[in-house]
Amino acid sequence: MLRVVVVDDELLARALLREYLQQIPDVEIVGECANGFEAVKAVAELDPDLMFLDVQMPKLDGFEVLDLIGRRLPVIFVTAFDEYALKAFDVHAIDYLLKPFTLERLIEALDRARERLGRSDAPPAAAGLAAMARPRVGPAERVLVRDGAKVHVIPADEIDFVQAQDDYVAIRWQGRDYLKEQTLGDLEAQLDRARFVRIHRSHLLNVERLARVELYAKDSRVAILRDGTRLPVSRAGYSRLSQLL
Amino acid sequence: MHPILARRERWSFYVLAWGLGACGLALTLVMTRRADWPVAVAVASPMAGLWGGLGLSAQYVCQAVPVRSSSAWRISGALLAASLLSAASAVGMAGLVASALEQALAQTSWAEFGQRVASTTLELSSSLLMLGCVLFLFACLLSYLVIEVDQSQENERRAWALKVHAAEAELRALRAQVDPHFLFNSLNSVGALISVDPSAARRMCVMLADFLRSSLRVRASRITLEREVGLAQQYLSIEKVRFGDRLRFSIEIDAGARHALVPPLILQPLIENAVTHGIASTLDGGLIRIACSTRDDKVCVTIENPCDADRAKGRGVGLGLNNVRARLSAEFGRLGSVVAEDEGTAYRVTLAVPCAADDVELRRPAVPPEPEATPST
């Protein structure tokens, strides 16, 4: 039995998918979501096998949802925008359905999903990759962090600094650390280059928060932030920082 | 660049012509027994070369007194003066060349030949002067011809470029006016309705057809605001099927604004923005309010919609707005404007164009009578 979640902000679009899916044996709809927040919550609570995901939705769009849940769950994108189609494959979506679509096309996508689920080496979508693949004009304006079924929306400009911790990054925002499953390099690529600078192998700093840089030892410096936090600055990091300032 | 020197086939033709001219002159000298062959050639070749070189200046004379915009007196005066000057310089220079040749050959066994060339050139100077005048005038005639040919080719090229440009603009405008994704989404809704509510599916098909028909039918450069708002209403009614209770809309139009003239589908990108970036960005949706009024000599259309305060901004909103702005500036220059105000959870666009009522459409009511614009539920 394939347990699926359907995510679309349009009632009729959900109704159509439901109608199609009910005609297919061994598929069970375990959840229907009308926006991205519900989708993230549903994944955390229902642990489905597969998700049908609309791209254009209020609050969180499909790419942002994938960014938050991507590592765990195979996704089939459902959209009227064919320019998202190729992007869907970039983020390791199993397939995409272009609205409107036929039942046969849906069955084809499901077959693909079953095949992928049967393989143990299914390449999971790396978090962060999804956000990077989104057709975008400028740097990210916000960073999303999932905390269980809860989603924190952090305005990018308000981030103080980011610290790499194994497979995670810790994002410091309003005095709290938010953990996100992503590499520091991925996050750095999404953020505004004129504002965030890699001062150290494991530290990304919002230059607006910098108070001063002090020489700590020979060839070793320390950045002191407005709130007194001290962060290490490598030699390469210092030259990047001086370049930006 | 000189138009004769600018093209290979032109200057090769020009050089060939003067080569033949030199042969003709030499032949004439021999036939009229003024000189024998070697002397005739020695006199004629530099002469033809000088005429050819100076003849190129005819182009500038012709450019200075364009045939279309100068009086006949001015043209003939300028041409006569220029041809006399040019012919005199040609003969003068030919004399210098001949005497230089004479001097150069003076100490050699060719001294007698040099003398004959110089004396023949001197003897013939008055006829060469007259001939030079005539040839220069002929060169002027040729230059006028070249200018005209170039001009007409340029005009033709420009006319084509203009046509291509206009066609591209029209195509862009058509594409921009109705977002194709609207169609895909609507068709998806129809597909869903077929089993849920067949008669609603049928209604939706008719609404779609009506909207497409009326938006394709507007060929005029201006339609009344009443019709324009009618198109917006048709569009919103279709989107309402998709968004259900999330989308509500109201349309108010002052009596004075009804017959104001606007470019067709100018509101469409703004209404689409209100739906896709407004209603679609919020969880619960809300009211899209369209209000049309006249203020001073302007007709104003305000479109208000709710939106999500922390939506990711700037994704595509500017596209529709810029499109409208560009169209307004093309149609009205500085007199048309579109202003957007972002108040976090609400977004307002105000479009203002000069008020011009259409008495033709007043006398003959615009094609199908639009349904009375009323707040929808």
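Read on for a plain summary of the structure. This one's a predicted model, so the numbers in the text were calculated from it and none came from an experiment.

What counts and what doesn't
- Residues numbered from 1 in each chain as written.
- Chains lettered and ligands numbered in written order.
- Predicted model: local features only at pLDDT ≥ 70, side-chain atom pairs only at ≥ 80, totals over all residues.
- Heavy atoms only, no water.
- Helix = DSSP H or I, 4+ residues; strand = E, 2+ residues; numbered from the N terminus.
- Buried < 20%, exposed > 50% of the residue type's maximum accessible area, 1.4 Å probe, protein only.
- Contact = heavy atoms within 4.5 Å.
- Areas by Shrake-Rupley, 256 points an atom, 1.4 Å probe, with all protein chains shown as cover.
- Axes fitted to C-alpha atoms, helices over the stretch in contact; angles between N-to-C directions.
- Left-handed = near helix turned anticlockwise from the far one by under 90°.
- Pairing = 2+ DSSP bridges.
- Salt bridge = Lys/Arg side-chain N within 4 Å of Asp/Glu carboxyl O.
- Polar contact = N/O pair within 3.5 Å; in protein donor to acceptor, adjacent residues only side chain to side chain.
- Nonpolar A, V, L, I, M, F, W, Y, C, P; charged D, E, K, R; others polar.
- Core = buried A, V, L, I, M, F, W, Y, C linked by side-chain atoms within 4.5 Å.
- Phe/Tyr/Trp six-rings, centres within 6.5 Å; stacked < 30°, edge-to-face > 60°.
- Lys NZ or Arg CZ within 6 Å of the ring centre and 35° of its normal.

**Considerations on the overall build of chain B**
Secondary structure summary: chain B contains 12 helices and seven strands in total. Across the 377 residues that make up chain B, the buried fraction comes to 41%. Look at the contacts in chain B between residues 6 or more apart in sequence, and 74% of them connect residues 24 or more apart. Counting only carbon and sulfur atoms, one obtains 63% of the accessible surface of chain B, whose full area is about 20300 Å².

**Some points on the packing of helix 2 (residues 8-31) of chain B against helix 3 (residues 37-55) of chain B**
To characterise two packed helices, one gives the angle between the axes of the helices and the distance between these axes. Residue and element names in this part refer to chain B. Two numbers describe how helix 2 lies on helix 3: the axes approach to 8 Å, and their chain directions differ by 145°. Between helix 2 and helix 3 lies a crossing of right-handed hand. Together, Tyr14, Trp18, Ala22, Leu25, Ala26, Leu27, Leu29 and Val30 of helix 2 and Trp37, Ala40, Val41, Val43, Ala44, Ser45, Met47, Ala48, Trp51, Gly52 and Gly55 of helix 3 make up the contact between the two elements.

**What about the pairing of strand 2 (residues 247-253) of chain B?**
Residue and element names in this part refer to chain B. Taking burial as the measure, the seven residues of strand 2 include five buried ones, the bulk of the element. With seven bridges joining them, strand 2 and strand 4 (residues 286-295) adopt parallel strand pairing. Directly across from Phe249, in strand 4, lies its bridge partner Ile288.

**Considerations on the interface of chain B and chain A**
Facing 24 residues of chain B, the contacting portion of chain A comprises 22 residues. At the surface where chain B touches chain A, the tally comes to three salt bridges. Its salt-bridge partner being Arg246 of chain B, residue Asp9 of chain A comes within 3.2 Å of it at the nearest N-O pair. Linking chain B with chain A are four residue pairs in polar contact (both at pLDDT 80 or more), by the criterion used here. Looking at the side of chain B that touches chain A residue by residue, the classes come out as nine nonpolar, eight polar and seven charged.

**Re the nonpolar core**
Ranked by internal contacts, the top residues of the largest apolar core, which has 74 residues, are Leu21, Phe52 and Leu106 of chain A together with Ile288 and Ile290 of chain B. When residues of this core are assigned to their parent elements, the largest contribution, eight residues, is made by helix 9 (residues 225-243) of chain B. Among the nonpolar cores identified, the runner-up in size contains 28 residues, and Ala22, Val30, Met47 and Ala118 of chain B belong to it.

**A short note on the packing of aromatic side chains**
Two aromatic rings are characterised by how far apart their centres lie and by the angle between their planes. One pass over the structure, following the stated rule, counts nine aromatic pairs over all chains. Seen in terms of ring centroids, Phe182 of chain B and Tyr235 of chain B are 4.7 Å apart; in terms of plane orientation they differ by 45°. Their pairing is tilted. Of the two residues, Phe182 of chain B sits in helix 7 (residues 180-196) while Tyr235 of chain B sits in helix 9, which places them 53 residues apart along the sequence. Using a relative accessible area of 2% as the deciding quantity, one classes Phe182 of chain B as buried. Residue Tyr235 of chain B is classed as buried on the basis of its relative accessible area of 1%. Relative to Tyr235 of chain B, the ring of Phe211 of chain B has its centre 5.8 Å away and its plane inclined at 50°; by these criteria the two rings are tilted. Of this pair, Phe211 of chain B sits in helix 8 (residues 198-217) while Tyr235 of chain B is found in helix 9, placing the two residues 24 residues apart along the sequence. Members of the aromatic cluster, connected to one another through ring pairs, are Tyr14, Trp18 and Trp51 of chain B. Against the face of Tyr178 of chain A rests Arg176 of chain A, its NZ or CZ located 4.5 Å from the ring centre.

**A short note on the sheet that holds strand 2 of chain B**
Residues and elements named next belong to chain B. The sheet built from five strands is open, its strands ordered 2-4-5-7-6 with mixed pairing. Looking at which strands have only one partner, the edges of the open sheet turn out to be strand 2 and strand 6 (337-342). Averaged over all pairs of adjacent strands, the angle between strand axes in this sheet comes to 10°, irrespective of strand direction. With six bridges joining them, strand 6 and strand 7 (residues 346-354) adopt antiparallel strand pairing. Bridge pairing links Asp342 to Tyr347 in strand 7. Against the sheet, helix 9 makes contact with strand 2, strand 4 and strand 5 (298-306), and its axis sits at roughly 170° relative to strand 2, the strand it touches most. This element, helix 10 (residues 268-278), spans strand 4, strand 5, strand 6 and strand 7 of the sheet and lies at about 15° to strand 5.

**Description of the sheet that holds strand 14 (residues 220-225) of chain A**
Residues and elements named next belong to chain A. Overall, antiparallel pairing links the three strands, which are arranged 13-14-15 in an open sheet. The open sheet has two free edges, formed respectively by strand 13 (210-217) and strand 15 (230-233), since each of these has just one partner strand. Strand-to-strand twist in this sheet, taken as the mean axis angle between neighbours without regard to direction, amounts to 30°. In terms of strand pairing, strand 13 meets strand 14 through six bridges, oriented antiparallel. Paired with Glu214 across the strands is Val222, a residue of strand 14.

**Considering the side chain of His200 of chain A**
Residue and element names in this part refer to chain A. Note that His200 resides in strand 11 (residues 196-200). Judged by relative accessible area, which is 19%, His200 ranks as buried. Those residues within four positions of His200 in sequence are excluded, and the remaining contacts are Pro232 and Ser234.

**Concerning the pattern of salt bridges**
Enumeration according to the criterion identifies 36 salt bridges over all chains in this entry. Of the charged contacts, one joins Asp67 of chain A and Lys180 of chain A as a salt bridge, the two residues approaching to 3.3 Å between their closest N and O atoms. Remark: Lys180 of chain A occurs in strand 10 (residues 176-181) and Asp67 of chain A occurs in helix 3 (residues 62-69); sequence separation between them is 113 residues. Overall, Asp67 of chain A belongs to the buried group, its relative accessible area being 6%. A relative accessible area of 5% places Lys180 of chain A in the buried class. We note a salt bridge from Glu226 of chain B to Arg258 of chain B, for which the minimum N-O separation is 3.0 Å. With a gap of 32 residues between them, Glu226 of chain B in helix 9 and Arg258 of chain B in the loop between strand 2 and strand 3 (261-262) connect regions that are remote in the sequence. With relative accessibility at 29%, the residue Glu226 of chain B sits in the partly exposed group. Look at the salt bridges and you will find they share partners, linking Glu252, Arg289, Glu304, Glu341, Glu343 and Arg348 of chain B into a network.

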